[in-house]
Every structure is written in structure tokens, then in C-alpha cells.
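Each chain, written out:
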Amino acid sequence: MTPPRATLRLQFHKDFTFADAARHVDYFDAIGVSHIYASPILKARAGSMHGYDVIDHSLVNEELGGEDGLRMLVVRLRERNLGLIADIVPNHMCVSDPGSIWWNDVLEWGQESRYAGFFDIDWQARDPALRGKVHVPFLAEPYGEALAKGQITLDFDREMDRFFVRHFDRIFPVTPLSRAIMEEAGGGDPAAALSAFDPKETSGLRNLHRLLEAQNYRLAWWRTAADEINWRRFFDISDLAGLRIEKPAAFEATHALMLRLYAEGLVDGFRIDHIDGLADPRTYCRRLRRCTDDLARRRPPAAPRDRAWILVEKILAAGEQLPMDWRVDGTTGYDFMDQVSGLLHNPHGEAPLTEFWNETTGNRRDFGTIAKTTRRLILDENLHSERDKVTNLLHGLARLRPETRDYRVPMLRRALTELLVHFPVYRSYATPAGRSEEDAKLLAKAIGEARGELLDADGHMLDLIDGWLGGIVETGRSARSMQRRAIVGFQQLTSALTAKAVEDTAFYRYGRLLSRNEVGSSPADFSYERDRFHAACAERLEKFPSAMLATATHDHKRGEDARMRLATLSEIPGRWTDAVRRWTQLNAPFRASLPSGIAPEPRDEIMLYQTLLSAWPMPGHFEGTEWLTPFTDRILGWLMKSIREAKRRSRWIAPDDAYEEAAASFAKQILDPEKSSAFISDMNEFVAGMASAAAINALSQTLLRMTVPGVPDLYQGTEFWDLSLVDPDNRRPVDFAARTAALAGDSPPADLLRTWTDGRIKQSIIARTLATRAARAGLFAEGKYQPLTLQGEAAVHAVAFMRVGADGDTALVLASRFPAALLDDEKMPLVPPDRWKETGVVLPASGGGYTDALTGQRHLPAAGTLLLRDIFSRLPVAILLKDKGNAA
């Protein structure tokens, strides 16, 4: 397979369609990517801004241009020899839109629906009221109150000649099997029936309740979902129902269109969303690979005939490996995002920043402890029914044997809870046939930690659970079926729990340095040494050389360059902590003006200052005050999300209006130029004093992404500086016209140093590096990865490696690191050459010179060494191409 050379991620929605993308194809080609990487393109909920809420797998989304629009876009792409990678969502689909035909059919016909097996529904729930029914927790108020207030009504669609139940803008079908109730109450005339079921009348309310009780679903208050829902959701989102994609019929129905588009040459590969939500990721991936391999031979001659490029969205913990027998090409790049970010964090900043956070917040708990607390919280408040499902299955297994039948549900629940709290990764991949050695080690580690939290009697439950979750192979059809469901339920629960408890809760409670609070990273893992980074790159080349490399995504917590701003604080912790103390004192009057006891807590204030710093405009771009109004709106959006995600003072399901209003008031006041000119001026000065160092780190991150083993992805718009925040801020419209004009200028990156704040230098480096990749595709796709030694006084401030092709073609890549100490007060992102002193990179023994692909400079080694003061004399990064006649 020839993998993509580089991809560019586009977020499609009603305001950015296939036609809009087609207008910019020339730019995508000019920047140097080989493929467009599209967000989901199937029909989604009306107005969806991301596409992950699919309602119809048989149609390309009309809001994006439909299949005709897609074909027109692909024609334009093929004209420029560009391909298309499609994002597919096999784990779940939207069930709250009237257009969700499959789900509505299940509600109408229950277990008799042809789609009943597509959804992960427990038709034999322990609650007798839910047996044979679907729990539908979509009511704004408790059922009895909603019914009495007339919020639930019977309605009739004359065009469709169908009755349906309405609750505000949500509609639910009426099963034809309940027609007798309607005829008994109101006869066959629709108008009479509607009158007979009018909840404003006592008899009508009674009739309506009777009719609702006869449906294949049970309407319920939305707050009951966490405790009673009897179908798998995407995390804790009740609008998104989990699919049983392991069922052949469900796989075929959900993939038929996308596989046809692949066979017809319209798409060239797939990104698989949330692979850890599936019952059996391995089998799914292998099935998809078989399908695409079979279809590849049918693709038209004009389409690339390579194997499909298949990636999985998989979050890997430190030391965790993507299974190689899945037959995929790698992950979507969160692991690389973590690695390169860690490389650019100075480990010497960890201790002072930790102490400052502990001292200022008055809380000395480390991140691991906080994460365990939030895991318990999410299990109790958000995923209670999912935990009960697994507990009940374990209890069913216990009942099958005399020696375990006395073990009760509460005992098993306590043990299971501790196992879930201490589980170290997103999920394991066991089956009733057994589990891998790696999975056995994961369970053993979690059980060892969980045991310390339990009484001896409950601790014994852990050994039983260990066996049921794959340590032993049950015999007998009933036991094996129950064990399979327990294993699947547990593994799907651990992935949902980790996402909600860690990324979406603990990340917003612990703010030592927010640049490490990123998807794919752990705040507990502060930095990477160079050897660790090199080892990760070498391993990727060996196992998944075509994996994606990402530094920005539609799901990131903050933009790639905002992250580097914060990473730079690890180099200047003293300056940062002094500034925060100064700002806290400056802004004390605003805090005092708020109601007593409601002012933003220290942790929220510290995280607010980090967020302001990360998103603050570049030096020279914050003159005047007009920019502060839209900037404040962005910050307020982040602040409300941060407070609610933390689930301490407020939360999505129970907002604390007083605290939120106080926090918003504080943020608005400190960003009001008439009230807070001293703080704004101070922040301006702080940003101006460290932005050049942050820009060097950002350019290093950019170059490394495009030169280490893997396929670099360019998230839309990040060719210029990316100071975005968490969604929806990171999905704002992109000014492609400005980027097209800038690229057309074709200015060498070194010439753009003096105007570096406008972002064109980053774009120029990207374009030239991707052009180098195109000219030496084999070198960067398959070439060996060889770390190089740096020696000299400033050796710690750079990273270097070589890529060596089979034909001897060689590229030497160097990037600056920890530049703040070398810059002092320099305002340009370039370390003065003399400050590198005699620091150099040691080269393998071979003759010949090198030419920098970014500057055109020639470099000749002296005594097997190249000096960094020469290499970095024009730019803080370099790609040195070895003379062809002297290839290593």
C-alpha cells in the first residue's frame, strides 16, 4: 500500500459544504497534502455542525451537497491528484431526530422491528415495567407532571395517515397494535380520537396514559437515564444510541453506502470513530479490511488502486500498544500529539509548577487521586445504569454455581466499582475464549490496587470477577452467553468511564499546566526525555509506519500553538508564578465586588489565566480594544464549559447559576479595558515577552509532525497560528482566501521572520516541508529513523535525527527545544547564533555536504559535526538534505 503523504482535515456542515471545499482544492494541492480527510458525510441530525450524529446510513448528507455534491468535489480532487479519506461512525447513531428511521421503527414495533437487533437494548431488564420495552428518557419533567401539564399529546399526521405522540419538538410513533385502545376511546375518526385523548380532560388524560403504557417504549424524565436506561448510549449522551455493529446485518446496513463509495473510487480510506465503543474492535477492523480488500479490485482505473488506508480513533495510555492483528494502519494520532508535546515541556518546570498549584489551591492531591475521585462520581451520577448492567450479569454468573450463588449484588457492585475506578487504560479486548497476556496484566494491576480499597470479604469478589472477565472459560451455553455479555459490557463501560471521568472531568479539576490536559495525554506525565521520544518514533516506524500524526483535531482541548504557549511556561515557571500572584492581587477588587462566598475559586482563576495566555493575540495584534469583545465571548464560552465539566461548583445537569454568573462577571471585568487596563496591559507585556519562545516551540512541533515516521495531518486553518480553545471554538470558520493569498506570495520562511506574528512563516515551513516529502516520498514513508547525538553546552535545547532511505537518500532534521533560556529578551523566534556556542550534532561517518530545504543554505560537516549556530542561523528548525552523490 502507498499511504497518503499528508492529509488536511475539513469539518463539513451546512455552512461549509462540498461545494465550498471544491473552491479551495487548488490551495489544498498547493499546500502539499495528498488527501482531504473529511468529517462524517452521512445524513446527520438537521443542522449538525460535526456529523457524528448520523440518522441515515443510506444517504450522503443533503446539507453538505448530497452524493452529487460529493461526486463533484471528488472530480475536483482527482484533477489535482488528491484523494479523500472519510470519517465513519460505527459505534452509535442519533435517535432524537424524527429522521432516525431505524430507531423510530424499533419504538413502533418493539422486538419485532427488523432493526431491533441493530441497537444494544436489554429487552429483559430487571425492572418489570421495562421488560419488552425501550426506556425513552426524553421528557423535560417527570412523566406524571408532563402528562398532567399537557406536555405529552396525541397528534395525527394527515399526509402520512399516522398517529404519533408529541412532547414539544420530539415525536414518537404509536404502535399499530394499540389501535384497539384508540378505537375503543374515540372510534375510527382521527378528530374524535384526538379529542378522546386530550390530556386537558380527566378522561382524556386517563386514555392517553393507557395508550402510552401500551407502547413498545416507556416515556420517562430525562434525569432517569443514568439510573434506568436499558440501552447502550455513546458515553452518557441519551441522544446517541449504541449500535451492535458486531451483527452482520447491522454492519452491512451501516457500511453499504460507504463501501460502495470506496468501490466506485470516491473515497480512498476510512477513519473509524470511537473504536473502543464497539463490542469487538478486532473483528470489526478485520471485517472492514476484508471488505475493502475485496472491493479494491473493482475500483475504476482512474482511482488509486492501493489498499484502503484505515485508521482507528484510539487513545493509548503510556506504554500501551495498538494491537497489530487488527489489520489497521494505525491510530488517528493522539499518541503522537502527546509525544511531541511532552518532548517540548521542560522537566525542570514540573516541581515549581506543582508546588504553586498545590499552594494556591490548597489542595495537594495529585492527578491520579483526582481521577479516581471523578471516576467514582461518574459511575454514581452518569453511568449508574451501565454499571448495574454489568453487575447484574456478574450476579447471574454467580447464581449458576453452588459455591458462588450466595454472593449478592451489593458485594459484586462494590468490587466492580473499585475495579473500574482503578482500571489503567481505556479498555481491554478479552473474549469468552480468553484474553491476551497484556490484558491479563492490566486486570492484575487494577485488581491489586482495587483490593486495597475493599474489605476482605468484598476483596474475594475481585478474584471471581477476574475469572468471569476472561480469566476462565465458562462452559455451557447460558454461562458462555452471560460471560460474553459481561465482558463486552465491562469493556464498553471502561472506555466510556475513562472519557467522561478523566478527559471531561478531571482535566477540568487539575490545572498545574493545562497543556498536558490534552486528549491522548495525562497531566500526571509532565514531559518526555529525547530518548523516550525517539523510541516512540522508531517503534511507530516498525509497527505502524502509516499511522496518522496529529497536533490539532476537532476534539482537542486547546489549539496546537496555544498548547505550545503553555508548554513554554515549563521553561519559565518563576516568571509565570510571579505573574499569577501579581494578577491575583490586581484583580482582587473584582473578586471582592461579587457576592460573598461565590467568587471564582483559586483553581478556576488559575486555569482562567492560563487560558487567557494561551489564546491571547500575537504581539502586535492586540492594539486598541475592539478585539476584546469577541475575545471575551470566546473566553466566556470556555469558562462555562470548564466549570460545568469539572462538576464541582456547577454541572450540565444541575447548573449553579450564582457561581456561573459570578465567574462570568469576574472574567468580563478583568477583560474590560475601562475597568482593568492594568491587568490587560500586564498580560500584553507577559505575552510579548514569551511569545517568540512559544513560536519556536510551535514551529518545532510543526516540523517534527511532518518528518518523523507517520502521515502528518493538517487540521483546517492551522497553517496559520492556532490559538483555539476547546470545541466549538476549534471549529470556527477558516479564512481560506487569506491563506491562499499568503501561500501565493511564495516567500521563503526566513524572509517572514520579521512578520512572524501573522502566521505566514508557519505556513511557508509547512508548504516547503510537504514539498520535500513529495519529492522524497519513499524516504519519509519508509526511511530508517536514526536519532542523532547533540553535544555541547546547549545540547539540551535541540533534538535531531536522520531519515535514511534504502537508496541512501538522507534527510537530517533538527528542531529547537526549550528556547526561552537562550532568547532572553529577543522578540523574534530565532535564537541568536552565538548563544549556541560550540554545540553541534554528531553525524555518522560519511562525506559530503547538506542543503537546507527551508533556507537553501549549504552546510559542510567539520570533523563529523555540524554546529547549531550555523544550522539555526536563519530559522529555528531545519531539514538538511544530503548531497545525492554522497548519500549515506
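Definitions and limits used
- Residues numbered from 1 in each chain as written.
- Predicted model: local features only at pLDDT ≥ 70, side-chain atom pairs only at ≥ 80, totals over all residues.
- Heavy atoms only, no water.
- Helix = DSSP H or I, 4+ residues; strand = E, 2+ residues; numbered from the N terminus.
- Rg over C-alpha atoms; globule rule 2.2 N^0.38 Å.
- Contact = heavy atoms within 4.5 Å.
- Areas by Shrake-Rupley, 256 points an atom, 1.4 Å probe, with all protein chains shown as cover.
- Lys, Arg positive; Asp, Glu negative; His and termini not counted.
- Charge placed at Lys NZ, Arg CZ, Asp CG, Glu CD.
- Axes fitted to C-alpha atoms, helices over the stretch in contact; angles between N-to-C directions.
- Parallel < 35°, antiparallel > 145°, perpendicular 65-115°, else oblique.
- Left-handed = near helix turned anticlockwise from the far one by under 90°.
- Nonpolar A, V, L, I, M, F, W, Y, C, P; charged D, E, K, R; others polar.
- 1 Å grid on protein atoms, 1.4 Å probe; cavity = no way out; pocket = protein on both sides within 12 Å on 5 of 7 lines; lining within 4 Å.
- Points joined across faces, edges and corners; volume = space filled by probe spheres on them.
- Phe/Tyr/Trp six-rings, centres within 6.5 Å; stacked < 30°, edge-to-face > 60°.
- Buried < 20%, exposed > 50% of the residue type's maximum accessible area, 1.4 Å probe, protein only.
- Lys NZ or Arg CZ within 6 Å of the ring centre and 35° of its normal.
- Pairing = 2+ DSSP bridges.
- Patch = residues over 30% accessible without salt bridge, like charges linked within 9 Å, V, L, I, M, F, W, Y side chains within 5 Å.
- Salt bridge = Lys/Arg side-chain N within 4 Å of Asp/Glu carboxyl O.
- Core = buried A, V, L, I, M, F, W, Y, C linked by side-chain atoms within 4.5 Å.
- Expected span 1.5 Å × (residues − 1).

Asks: When you look at the overall build of the protein in this model, what are you seeing that I'm missing?
Replies: Counting its secondary structure elements, the protein contains 32 helices and 27 strands. On C-alpha atoms alone, the protein measures out to a radius of gyration of 29 Å, which is about the 29 Å that the 2.2 N^0.38 rule sets for 888 residues. Once the C-alpha set of the protein is aligned to its principal axes, its extents read approximately 95 × 70 × 60 Å. In the protein, the proportion of contacts linking residues at least 24 apart, taken out of those at least 6 apart, comes to 74%. If you sum the accessible surface of the protein, you get close to 33,000 Å²; carbon and sulfur atoms cover 51% of it. Across the protein, the 112 positively charged side chains and the 122 negatively charged ones have centroids separated by 3 Å.

Asks: Help me understand the packing of helix 17 (residues 437-451) against helix 18 (residues 456-471) in this model?
Replies: Each pair of packed helices can be summarised by the angle the axes make with each other and by the distance between the axes. Across the interface, helix 17 lies against helix 18 with an axial gap of 10 Å and an inter-helix angle of 165 degrees. Between helix 17 and helix 18, the angle is such that the two are roughly antiparallel. In this structure, the crossing between helix 17 and helix 18 has a hand that is right-handed. The segment helix 17 lies against helix 18, with Leu-443, Ile-447, Ala-450 and Arg-451 engaging Gly-459, Leu-462, Asp-463, Asp-466 and Leu-469. A per-class count over the contact of helix 17 with helix 18 returns five nonpolar, one polar and three charged.

Asks: Explain the layout of surface pockets to me, please; I cannot follow it from the model alone.
Replies: Rolled over the atoms, a probe as big as a water molecule pinpoints where empty space is left. Reported here for the largest pocket is a volume of approximately 1,600 Å³. Along the wall of the largest pocket there are 50 residues; nearest its centre are Phe-235, Asp-236, Ile-237, Lys-500 and Asp-504. Elements with a contribution of two residues or more to the lining of the largest pocket: strand 7 (134-139), helix 9 (225-228), strand 12 (233-234), strand 13 (237-242), helix 14 (367-381), helix 19 (477-503) and helix 25 (628-646). For the lining of the largest pocket, the element with the most residues is strand 13, which contributes four residues. In the lining of the largest pocket, the residues fall into 19 nonpolar, six polar and 25 charged.

Asks: Any chance you could explain the packing of aromatic side chains here in plain terms?
Replies: Two numbers describe a pair of aromatic rings. These are the distance of the centres and the angle of the planes. Per the stated rule, a full pass over the model turns up 34 aromatic pairs. Ring geometry for Phe-12 versus Phe-16: centroids 5.7 Å apart, planes at 35 degrees, classification tilted. Summarising the aromatic geometry, the rings of Trp-357 and Tyr-510 are spaced 5.9 Å apart at their centres and angled 70 degrees between planes, so their arrangement reads as edge-to-face. Here Trp-357 is found in helix 13 (residues 350-361), whereas its partner Tyr-510 is found in the loop between helix 19 and helix 20 (530-543), with 153 residues between them in sequence. Using a relative accessible area of 3% as the deciding quantity, one classes Trp-357 as buried. Assessed through its relative accessible area of 4%, Tyr-510 is described here as buried. Taken together, Phe-12, Phe-16, Phe-18, Tyr-27, Phe-28 and Phe-736 form an aromatic cluster joined through their ring pairs. Seen from the ring of Tyr-37, Arg-9 lies directly overhead, with NZ or CZ sitting 4.7 Å from the centre.

Asks: Looking at this structure, how should I read the packing of helix 6 (residues 179-186) against helix 8 (residues 202-213)?
Replies: One can describe the packing of helix 6 onto helix 8 by two numbers: an axis separation of 9 Å at closest approach and a directional angle of 165 degrees. Taken together, helix 6 and helix 8 sit at an angle that is classed as roughly antiparallel. Helix 6 and helix 8 meet at a crossing whose hand is right-handed. Together, Ile-181, Met-182, Glu-184 and Ala-185 of helix 6 and Asn-207, Arg-210 and Leu-211 of helix 8 make up the contact between the two elements. Here the residues of the contact of helix 6 with helix 8 sort into four nonpolar, one polar and two charged.

Asks: Before we go on, may I ask you to explain the sheet that holds strand 26 (residues 865-867) in this structure?
Replies: Through backbone hydrogen bonds, the strands of a sheet pair up, either in parallel or in antiparallel fashion. Taking strand neighbours across the sheet as the criterion, the three strands line up as 20-23-26 in an open arrangement whose pairing is antiparallel. Across the chains shown, the open sheet's two edge strands, defined by having one partner strand only, are strand 20 (789-791) and strand 26. Neighbour-to-neighbour, the strand axes of the sheet open up by a mean angle of 30 degrees, direction not taken into account. Sheet analysis places strand 20 next to strand 23 (residues 840-842), joined by three bridges and oriented antiparallel. The partner of Gln-791 across the bridge, within strand 23, is Gly-840.

Asks: Help me understand a nonpolar patch on the surface in this model?
Replies: A surface patch of nonpolar side chains, amounting to about 280 Å² of accessible area, comprises Trp-222, Trp-652 and Ile-653. Mapped onto the secondary structure, Trp-652 falls in the loop between helix 25 and helix 26 (657-670).

Asks: Please explain the environment of Glu-601 as it appears in this structure.
Replies: Secondary-structure assignment places Glu-601 in the loop between helix 23 (588-592) and helix 24 (602-615). Residue class for Glu-601 comes out buried when judged on its relative accessible area of 17%. Once the C-alpha coordinates of Glu-601 and Ile-465 are considered, the two residues, 136 residues apart in sequence, prove to be 41 Å apart.

Asks: When you look at unusual backbone geometry in this model, what are you seeing that I'm missing?
Replies: What is expected of a backbone is that most residues other than glycine have negative phi and most peptide bonds are trans. Across the junction of Asp-727 and Pro-728, the peptide omega takes the value 10 degrees, indicating a cis bond. Looking at the secondary structure, you find Pro-728 in the loop between strand 18 (711-715) and helix 28 (736-744). Unusually for a residue other than glycine, Phe-235 sits at a positive phi of about 55 degrees. Relative to the helices and strands, Phe-235 resides in the loop between strand 12 and strand 13. In this structure Phe-235 comes out as buried when scored by relative accessible area, which is 15%.

Asks: What exactly am I supposed to notice about the pairing of strand 10 (residues 170-173) here?
Replies: Every regular strand shows the same layout, with side chains that alternate between the two sheet faces. The pairing of strand 9 (residues 162-167) with strand 10 spans four bridges and is classified as antiparallel. From the neighbouring strand, Arg-166 faces strand 10, where its bridge partner is Ile-171.

Asks: How should I be thinking about the environment of Arg-399 in this particular structure?
Replies: Tracing the chain through its elements places Arg-399 in helix 15 (residues 384-399). By relative accessible area, Arg-399 is classed as partly exposed at 46%.

Asks: What should I look at first to understand the sheet that holds strand 24 (residues 850-852) in this one?
Replies: Sheet architecture is open: six strands sit in the order 19-21-22-27-24-25, paired in antiparallel fashion. Of all strands in the sheet, those bounded by a partner on one side alone are strand 19 (784-787) and strand 25 (858-859). By the bridge criterion, seven bridges tie strand 21 (residues 798-804) to strand 22 (residues 810-816) in an arrangement that is antiparallel. Residue Met-802 lies in a different strand from strand 22, and its bridge partner there is Leu-812. Against the sheet, helix 20 contacts strand 19 and strand 21, and its axis sits at roughly 170 degrees relative to strand 19.

Asks: So what exactly am I meant to see when it comes to the nonpolar core here?
Replies: Proteins that are soluble and globular tend to have nonpolar side chains buried together. Core analysis: the largest hydrophobic core is formed by 122 residues, its most contacted members being Leu-612 and Trp-616. With 14 residues, the single largest contributor to this core is helix 27 (residues 677-707). Those residues within four positions of Leu-612 in sequence are excluded, and the remaining contacts are Phe-631, Ile-635, Ile-670, Leu-671, Phe-679 and Met-683. Counting 62 residues, the second-largest nonpolar core is a separate cluster that includes Val-25, Leu-257, Leu-261 and Trp-326.

Asks: How should I be thinking about helix 19 in this particular structure?
Replies: Three or four residues apart is the spacing at which side chains of an α-helix point the same way, because the helix has 3.6 residues per turn. Helix length check: helix 19, at 27 residues, gives a terminal C-alpha distance of 39 Å against a target of 39 Å (1.5 Å per residue), a fit within 8%. Burial within helix 19 is extensive, with 21 of its 27 residues counted as buried.

Asks: Where do I start with the pairing of strand 21 in this structure?
Replies: Within strand 21, seven of the seven residues are buried, which leaves it mostly tucked inside the rest of the structure. In strand 21, alternate side chains face the same way, and those of Ala-798, Ala-800, Met-802 and Val-804 on one face and Val-799, Phe-801 and Arg-803 on the other are all buried. Relative to strand 21, strand 19 runs antiparallel, the two sharing four bridges. Within strand 21, the position partnered with Lys-784 by the bridge is Val-804. Connecting the antiparallel pair strand 21 and strand 22 is a turn made up of five residues, with Gly-808 showing a positive phi of about 90 degrees.

Asks: Mind showing me how you'd approach helix 11 (residues 281-296) here?
Replies: In a regular helix each residue adds 1.5 Å, so 16 residues correspond to 22 Å; helix 11 covers 22 Å between its end C-alpha atoms and thus fits that length. Buried residues of helix 11: Pro-281, Tyr-284, Cys-285, Arg-287, Leu-288, Arg-289, Thr-292, Asp-293, Leu-295 and Ala-296, and no others. Summarising the contacts, the buried residues of helix 11 are in contact with strand 5 (83-88), helix 10 (248-263), strand 14 (269-272) and strand 15 (309-312).

Asks: What should I look at first to understand the pattern of salt bridges in this one?
Replies: Any two side chains of opposite charge can pair, on the condition that their charged atoms come close. Taken as a whole and judged by the stated rule, the model has 80 salt bridges. A salt bridge links Glu-359 to Arg-581; the shortest N-O distance between them is 3.7 Å. Of this pair, Glu-359 sits in helix 13 while Arg-581 sits in helix 22 (residues 573-586), placing them 222 residues apart in sequence. On the basis of relative accessibility, which here comes to 39%, the residue Arg-581 falls in the partly exposed class. Note that Lys-441 is salt-bridged to Glu-437, the shortest N-O span being 3.4 Å.

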